[in-house]
Every structure is written in structure tokens, then in C-alpha cells.
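Residue strings, one per chain:
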Amino acid sequence: MKEGEEAAILLVRLTMSFLSLAGALVMMSCTLYFRQYTSTAARLLFYLMASTLASNIFNLLSLDLKHIGIEPHDSVICTIQGAGLQWSQQAVFCWVCVMATHLFIKVVLRRRPGVWLEVNYHIIVWSIATVLTIIPVAEPQGYGPGVWCGVVNSNWRLLSFYVPLFVYIGYLLLAYLCVFIAARKMLHGIKLRHLLSLSHSSPDITKIVALLRRLAIYPAIFVAVWIFPIINRIQNSADPNHKVFVLYLLQSLTSPGFGFYNAVFYAYDARLVQRLVHRFTRRHAKKGEADGDELTGFDDHTGTKGSVVPNAT
């Protein structure tokens, strides 16, 4: 691959990493701001975005390698980047699978996971990520330079990264298939009970359908962003001496942008802008009401002339 092509790939990868980092920060900040951390599902999404954030930070270490005159093969930064990317990306994979497992327990097994299970999630995720990061060190070359820093030996990279990735994707497909089958049966049962009942009140089918749609998007994004990296790995294994620029470019557009693509869907699905505007409007209105009370001395709820009438929103 030509030097100019490598520079273009690096630029795209850094840009997508920066956008993904911003997206992960937005999702994490909203979880805290709207106090969604009381929900286990929201906390799992928070952990996923935290791992994505770490992956983006390690990706951005390429700025040091390319722009301040440090040669990658002579720098400890390259080893840190390679090991950091391996560790954080394995954590991302594991947290996606944990979310699938959590849904499987709730929807298919019909059980309510306890706090102890969340602790076990952490033990399992960080143990797997750490072990798979240590494995390549057993090979003399370990982590080193390439188009970006990572596992040097292709066989070790296949064993420690792509084989687990295939296992994760297979597990996701199987788990979500079971979840959707169980959810459809549950939805059919709700409709049937409604038809057989004498009550005129209808179940909120719209919320259930919306939930199914949301459940489909996050694993779909995960699988989609790893399609081109997998294709690129297959091509590299078939012809190690020929690097295809287009495949590296597509890989750089997709896999580093996982946090960004999730944030776009999250902002749309959660009507994020509307919620933020509504929250700001309410706070501004309450502040105005408090100032009015202080000046007039009237009670908001009396409706007396000169008092501030609360905003209907």
C-alpha cells in the first residue's frame, strides 16, 4: 500500500474515532443527566459506551505516532495502543453479549436478574478481555506496527481477536433469535387475552413493538460495523502481501465509529433534542415562577391577580 493511501486511512480512522468518542460521551452524559442509571439495562449500555470510549482513546494514540516524529516500531506507544485496542474492543464485544444475555434472562427465562448477576457480568467481561490481551504477548513479536498498531502475527491475531469475534456474533444471533421468538409469543398472548376479555381497554401494543425495534438495532449496528473488518481479514489471510486500500478504508469508516452510530440511533430513538429542550424549558419556567413569587408574594396556585400561573407543560 502506498504511503499516501496509509495516510488517508489513518485520517479516516482518527476522524471516526473522534466522532465515536463524542458519541459515547453524549450517551454516557445523558444516562447520568436523565438519571437512567437506576435501570440495569441503562447501566449495561453505559458500560458498553465506556468500553467504546476507551477504544477510541487508544485509536487516537495514532496522532502521537504519526505527527510528533516518533517511529512506531521504536515507541512504547505502539505497544500500548495495540494492547489497549485489543483489551477495550474485547470488552466492547463482551458487553454487547452481556446485553443479549440480560434480555434472554428477562424475556425467555422470565426471571428478574439480581444485583449479584451484574457483579458477575463485570468479572466475566474484564477477565475475558484481559486474558485475550495477554495471549498475543506469548508470541515474540507481540504487538507492533502495521497500518495501525496491533497484534503482529496473523495467526495470533486470528486466534485472539477474530475467532472470539465470530463466537460473539454467533452467540448474538442465537440469543436475539430466542428473544424475538419469545417476545412475539408474548405479544400474541397479550392480543389474544385482549380479544377474549370483556374489557374495552386495549393493551399498549405500540410500546412492545417499539421495544422489539430497539432490541434489533443495537446488535444490528454491532454486526454491521464488523462486516468490512472481517472481509478485510479474510482477504489478508488469502493474500498477505497485497493490501486492498478500499477494504482498509471501509474498515476505518465502520469499526472505529461504533459509538458514533449508536449515538445517532440513540438520539433519534430517545428524541434526545426534544427531551433536552423540554427539560431546559421546564427549568427556565420554574425559575421564572420562583422569581415572580419572590417579587409579588402571591401563591402560584391561588390564581390571584399578579401571581404567576404555572406553565402547562
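Residues numbered from 1 in each chain as written. Predicted model: local features only at pLDDT ≥ 70, side-chain atom pairs only at ≥ 80, totals over all residues. Heavy atoms only, no water.

**With respect to the pattern of salt bridges**
Turning to step 1, where the next piece is worked out: Under the defined criterion, the tally for this structure stands at one salt bridge.
Turning to step 2, where the next piece is worked out: A salt bridge links Arg-43 to Glu-118; its shortest N-O distance comes to 2.7 Å. Taken together, the positions of Arg-43 in helix α2 (residues 40-59) and Glu-118 in helix α5 (residues 115-134) put the pair 75 residues apart, joining distant regions of the chain. (Salt bridge = Lys/Arg side-chain N within 4 Å of Asp/Glu carboxyl O. Helix = DSSP H or I, 4+ residues; strand = E, 2+ residues; numbered from the N terminus.)

**Notes on unusual backbone geometry**
Turning to step 1, where the next piece is worked out: At Arg-110, a position not held by glycine, the phi torsion is positive, near 60°.
Turning to step 2, where the next piece is worked out: Looking at the element boundaries, Arg-110 is found in the loop between α4 (76-108) and α5.

**Structural notes on the side chain of Asn-59**
Turning to step 1, where the next piece is worked out: By the element assignment, Asn-59 lies in helix α2.
Turning to step 2, where the next piece is worked out: When sequence neighbours within four positions are dropped, the list of residues in contact with Asn-59 reads Arg-13, Leu-14, Ser-17, Gln-81, Leu-85 and Pro-256. (Contact = heavy atoms within 4.5 Å.)

**Things to note about the nonpolar core**
Turning to step 1, where the next piece is worked out: Grouped together as the largest cluster of nonpolar side chains are 54 residues, with contacts concentrated most on Leu-48, Phe-93, Trp-95, Leu-165, Phe-222 and Phe-258.
Turning to step 2, where the next piece is worked out: Contributions of two or more residues to this core are made by α1 (3-33), α2, α4, α5, α6 (154-196), α7 (205-225) and α10 (258-269).
Turning to step 3, where the next piece is worked out: At 13 residues, the largest contribution of residues to this core is made by α4.
Turning to step 4, where the next piece is worked out: Every residue in contact with Phe-222, bar those within four places of it in the chain, is listed here: Phe-93, Val-96, Leu-165, Ile-169, Leu-172 and Phe-258. (Core = buried A, V, L, I, M, F, W, Y, C linked by side-chain atoms within 4.5 Å. Buried < 20%, exposed > 50% of the residue type's maximum accessible area, 1.4 Å probe, protein only.)

**Overview of the state of the cysteines**
Turning to step 1, where the next piece is worked out: Under the defined criterion, the tally for this structure stands at one disulfide.
Turning to step 2, where the next piece is worked out: Between the sulfur of Cys-78 and that of Cys-149 lies a disulfide, 2.1 Å long from S to S. Note on the Cys-78 and Cys-149 pair: the S-S dihedral is about -115°, so by sign convention the disulfide is left-handed. Of this pair, Cys-78 sits in helix α4 while Cys-149 is found in the loop between β1 (143-144) and β2 (150-151), placing the two residues 71 residues apart along the sequence.
Turning to step 3, where the next piece is worked out: For Cys-78, a relative accessible area of 2% corresponds to the buried category.
Turning to step 4, where the next piece is worked out: Accessibility expressed as a relative area gives 4% for Cys-149, which makes it buried.
Turning to step 5, where the next piece is worked out: Of all cysteine sulfurs, the one in Cys-97 lies closest to Cys-94, which takes part in no disulfide; the gap is 6.5 Å.
Turning to step 6, where the next piece is worked out: The buried category is assigned to Cys-94, whose relative accessible area is 5%. (Disulfide = S-S within 2.5 Å.)

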